[in-house]
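Chain and residue survey
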Amino acid sequence: MARYKPVDTQPKFVAIDLAAQLLPGTFEYALHHLLEQAIDLRPFDARYRNDTTGAPAYAPGMLLRVVLFAYSRGIVSSRAIARACEEQVTFIALSGDSRPHFTTIAQFVSTLGDQMAPIFAAVLAVCDRQGLIGRERFAIDGVKLPSNASKHRSGTRADFERQATKMERAADAMLARHREADARDVEPSLAAKDTARRERLVRDAAALRTWLTEHPTDRRGARGAVRKSNRTDNESAKMATSKGVIQGYTGVATVDAAHQIIVDAQAHGVGAEQELLLPVVAATTALRTPETMITADAGYHSEANLRTLADAHVPALIADKDMRRRDARLATQARYTALPHALHDKSRPARPPLAVFGADDFTYDPVARTCICPAGKSLYRRGAARVTRDHIGAHFRGAKRDCGPCALRAQCLRTPETTPVRNVAFFHGRVSTRHVNHPALMRDRIDSPEGRAQYAQRFATVEPVFANLRANKRLDRCTLRGRAKVDTQWKLYCLVHNIEKLANNGYAA
């Protein structure tokens with residue numbers, strides 16, 4: 001029988017050269033070199049007041065090295081980071097065997113605040129000196145991440161008022177039943193869970209009333225509409241994603257096309273990406289040249305955004321929702337939309353869309369300014385010439401007494417069970433040519449061969465960046481609360497991506 005030397009896996013005392021664990025060309029070596037020699041961390045000194053009294057503090061550079069390296073390995077929990085500083089040799093080397101407590105790590109990350117932006121800018125300056133920022137084209141995109149907040153605690157002040165009133169009524173009703181039972185000659189036994197439930201209702205209602213007192217107004221959107229608040233993180237937002245509704249933040253990144261360096265990173269508690277485009281473009285002013293092309297998908301498309309970019313003479317290609325439909329290369333894509341969705345509920349098949357009457361089925365007299373529907377009924381004219389997306393037309397509306405009992409409702413209305421009457425418009429011109437139609441100009445620009453080629457490169461620029469952050473770095477949620485803290489965490493992840501790019505390009509090797 002063959003004999004082998006034994007393999008001993010028992011713990012041993014081994015002398016380790018910690019500096020030798022950081023090998024040139026690796027992420028951890030580039031990270032250590034950046035924070036030790038290339039970035040000025042002296043502004044962190046203002047955090048501490050222990051020059052003559054108090055215990056020595058952990059060096060901010062060491063804590064930042066440990067946190068960034070942990071994020072590069074998909075480790076976000078402060079307890080897991082502290083445990084890694086005791087067990088994993090690379091963490092021990094980066095921390096100098098300091099073994100910081102998890103509360104120290106958590107407090108450091110949550111209080112980085114405004115000090116994170118200068119560090120991010122300093123790493124960008126190093127990337128620029130290394131020739132990694134081309135400034136030819138910037139691609140903007142975002143990702144919606146769930147946060148450390150419950151979406152079930154979202155609503156307007158009116159919603160919270162109704163909830164508090166309902167809880168108080170339920171608690172009063174339970175108290176009345178208990179008092180009625182106490183007045184009887186023979187007192188029945190009261191279930192302990194009823195008492196506990198009443199106490200919980202009173203406590204929750206009091207918490208709601210306190211929150212309403214501390215927040216006397218509703219949140220407002222960019223256009224003044226009421227935006228739902230959240231009682232666990234009021235700066236987060238309820239967002240619709242492809243995987244359902246989440247309570248969280250939108251992390252926006254601006255990526256340079258040359259080497260996929262993230263030149264700007266911001267987190268916002270906003271689900272609508274349209275209102276995020278202009279702040280992101282403004283943040284990259286110092287890095288852009290007059291020829292830098294800004295590209296973004298249809299989520300950032302709006303007439304106001306396009307007008308502002310045009311007035312500022314910023315070259316941009318912002319897609320609209322119909323861009324793909326106009327692309328001749330995708331002319332056959334409709335055959336795939338006929339297939340059922342993989343996650344669709346097949347127990348109740350969707351109703352096929354009905355072919356309804358179009359404007360050509362109505363009899364319109366432009367001289368008499370009248371309109372007759374297919375059922376022979378006259379429609380009311382809605383005002384004088386109305387403008388819809390720069391088109392001037394005559395608008396007509398049916399009467400309820402005619403549309404309600406009409407036998408052709410199913411052929412005239414797409415949703416006859418919810419739509420009361422039919423509306424129809426006949427267009428005959430456009431507004432004055434002195435008005436610049438920025439969406440039309442953008443469509444012409446993006447539909448040109450050059451525009452299609454430039455926009456197509458956006459996918460190769462920004463999508464691998466988000467794939468690296470989401471899949472490789474396992475960024476699937478925000479663990480902090482408050483926009484400032486979430487913005488810091490988002491910048492930390494984007495900083496990891498940039499340092500990784502520096503390491504892959506031989507920085508400090």
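One structure accompanies this document, and this report is about it. (Residues numbered from 1 in each chain as written. Predicted model: local features only at pLDDT ≥ 70, side-chain atom pairs only at ≥ 80, totals over all residues. Heavy atoms only, no water.)

Focus on helix 3 (residues 78-87)
When we look at burial in helix 3, the residues that qualify are Ser78, Ala80, Ile81, Ala82, Ala84 and Cys85. Buried positions along helix 3 lie against helix 2 (60-72), helix 4 (89-95) and helix 5 (102-110). (Buried < 20%, exposed > 50% of the residue type's maximum accessible area, 1.4 Å probe, protein only. Helix = DSSP H or I, 4+ residues; strand = E, 2+ residues; numbered from the N terminus. Contact = heavy atoms within 4.5 Å.)

Concerning the side chain of glutamine 260
Mapped onto the secondary structure, glutamine 260 falls in the loop between strand 7 (244-256) and strand 8 (262-268). Ignoring any residue separated from it by four or fewer positions in sequence, one finds glutamine 260 in contact with Val255, Ala460, Thr461, Pro464, Val465, His497 and Lys501.

Details of the packing of aromatic side chains
Evaluated as defined, the whole model comprises 10 aromatic pairs. Between the aromatic rings of phenylalanine 466 and tryptophan 490, the centroid separation amounts to 6.3 Å while the plane-to-plane angle is 25°, which identifies the pairing as stacked. Taken together, the residues span a long stretch of sequence, with phenylalanine 466 in helix 16 (residues 449-472) and tryptophan 490 in helix 17 (residues 483-504) at a distance of 24 residues. With respect to class, phenylalanine 466 is no different from tryptophan 490; both count as buried. (Phe/Tyr/Trp six-rings, centres within 6.5 Å; stacked < 30°, edge-to-face > 60°.)

Observations regarding the pairing of strand 6 (residues 237-241)
Bridge analysis of strand 6 against strand 7 gives 5 bridges, and the strand direction is antiparallel. The residue of strand 7 that forms the bridge with lysine 238 is glutamine 247. (Pairing = 2+ DSSP bridges.)

Notes on the environment of alanine 158
Along the chain, alanine 158 turns up in helix 7 (residues 157-182). Sequence separation between alanine 158 and glycine 248 is 90 residues; the distance between their C-alpha atoms is 22 Å.

Describing the side chain of lysine 473
Along the chain, the position of lysine 473 falls in the loop between helix 16 and helix 17. On the basis of relative accessibility, which here comes to 3%, the residue lysine 473 falls in the buried class. A distance of 3.1 Å separates the side chain of lysine 473 from the side chain of glutamate 500, its partner in a polar contact. Setting aside residues no more than four positions away along its own chain, lysine 473 makes contact with Tyr71, Ser72, Gly74, Asn468, Tyr493, Val496 and Glu500. (Polar contact = N/O pair within 3.5 Å; in protein donor to acceptor, adjacent residues only side chain to side chain.)

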